[in-house]
Amino acid sequence: MKVLVVNAGSSSLKYQVIEMDNEIAVASGIVEQIGSENSNIVYKHDDKKYEHNEIVADHITALQKVIALLCDKENGVLKDISEIKGIGHRVLHSGEDFTDSVLVDENVLKICKKNKVFGPLHMPANIGCIEACQNILPGVPNVAVFDTSFHLTMEKDAYMYAIPYEYYEKYKIRKYGFHGTSHKYVSEAVRDWLGAENCKKIITCHLGNGSSLAAIKDGKCIDTSMGLTPLEGLVMGTRSGDIDPAVVEFIATVKKVDVQEVLRILNKESGFFGICRESDCRRVCKLIDAGDEKAKLALDMFAHSIKKYIGSYFIELGGLDTLVFTGGIGENSDYCRKLILTGLECLGVDVDFDLNANMKRGIPTVISTEKSKVKVVVLPTNEELVIARDTVKFGNLK
Ligand code: AMP
């Protein structure tokens, strides 16, 4: 049985077709720069990759093009579109309404539309793709898998902001957290692998272009570093992470710009990029190799922000059994892992740094020593698989 996974960003659409009998992706790709003159369509299956430029006006057109590629007589992986038995959609924000994934009906769509306010760039694309699938593939169940749902188990003292209470009551302003599918996948995978009794207290570090940490007790999230939006928390590729909110007004005054512009700067021109003019971690590492001091500072700040969260989550969890690294940086950058892990000896962390540097990529690996009180694990994430599994479960697919 095949499931289509759709992950729509504000101007992109990532997709995968997953064969659920063996949970392997048989095709995948991305449509980028939707709505611009430079739209780009990538389609991959087996070892083949096809890529071409073509104007793609909107997400609905993007979906139509993807389906045409999947069903192409020569290079398609589907004989017919009826092979798709369910569609899983990554949806940015659940608000407080969905504590888990959900089969989409009219009421679910209505609530998602109400929650557009929490993600004005992403939510319209997510909703648009669901509605397009309802039209293009009538009768096929659509399941919404939210980036925030996994974190809705947080207690009130962890998720509330200390601002006037009525803002929570009236506008639902609070911490929500993101990357939920990734934190869920790696925390479940590590519990399956090492045994739930050895993983009662986990910290998951999803480190990529966007980065977040989650504290997970007995399988449930008790705290996470992102907030109402993905801007809060760690230093990231282009996001500032935590700053004094008064900085917003200060920048607006000295640069003579409005609040929206300051937020754009904090989201798009800050983080690694703000410090060293480079947002991609691999390129930041190259600059460091060439002796660039600001690049070194950017990653030192990144590691510093992660250590602070690890320390506070250690206290919140009442100890730590397992520390998991995932995401593009967490899985691949031994340099960043070393920066983060150095100095954690006080928590009982003892790392085999040779193994950290030489481990085989893409394979779950324990990089702590036998004597370490905390197991330190590198584990590839698979958000699409979480979405596909939930599509089978909530779409009642047999
Ligand atoms: P993601 O958002 O999870 O796809 O992660 C993307 C980030 O991972 C980018 O900043 C990449 O530069 C970074 N990344 C991927 N591979 C490596 C690597 N070998 N060393 C350092 N950073 C990497």
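Description of the structure in this document. (Residues numbered from 1 in each chain as written. Predicted model: local features only at pLDDT ≥ 70, side-chain atom pairs only at ≥ 80, totals over all residues. Heavy atoms only, no water.)

Quick notes on the site of the ligand
As a matter of local geometry, the ligand sits amid Gly208, Asn209, Asp280, Cys281, Arg282, Gly327, Gly328, Ile329, Asn332, Ser333 and Arg361. At 2.9 Å from an oxygen atom of the ligand is found a main-chain nitrogen or oxygen belonging to Asn209. Here Arg282 contributes a backbone N or O atom positioned 2.9 Å from an oxygen atom of the ligand. Relative to its free-state accessible area of 500 Å², the ligand is covered by the protein chains to the extent of 76%. For the shell around the ligand, the secondary structure elements donating two or more residues are α10 (281-289) and α12 (327-332). A total of four residues in the shell around the ligand trace back to one element, the largest contributor, which is α12. A breakdown of the residues in the shell around the ligand according to their chemical character gives two nonpolar, six polar and three charged. (Near = heavy atom within 4 Å. Polar contact = N/O pair within 3.5 Å; in protein donor to acceptor, adjacent residues only side chain to side chain. Areas by Shrake-Rupley, 256 points an atom, 1.4 Å probe, with all protein chains shown as cover. Helix = DSSP H or I, 4+ residues; strand = E, 2+ residues; numbered from the N terminus. Nonpolar A, V, L, I, M, F, W, Y, C, P; charged D, E, K, R; others polar.)

So, the pairing of strand β3 (residues 24-32)
Across seven bridges, strand β2 (residues 13-19) lies against β3 in antiparallel orientation. Across the sheet, the residue bridging to Leu13 is Val31, located in β3. What sits between β2 and β3 in their antiparallel hairpin is a turn of four residues, with Glu23 showing a positive phi close to 55°. In the sheet, β3 pairs with strand β4 (residues 40-45) via five bridges, with the strands oriented antiparallel. Pairing of Ile30 across the sheet is with Val42, part of β4. (Pairing = 2+ DSSP bridges.)

Examining the side chain of Thr181
With respect to the element layout, Thr181 can be found in helix α6 (residues 180-194). The class for Thr181 is buried, based on a relative accessible area of 3%. Within polar-contact distance, the side chain of Thr181 engages the side chain of Glu383 at 3.4 Å. In this view, Thr181 contacts Val145, Phe146, Asp147, Glu383, Val386 and Ile387; residues no more than four positions away in its chain are not counted. (Buried < 20%, exposed > 50% of the residue type's maximum accessible area, 1.4 Å probe, protein only. Contact = heavy atoms within 4.5 Å.)

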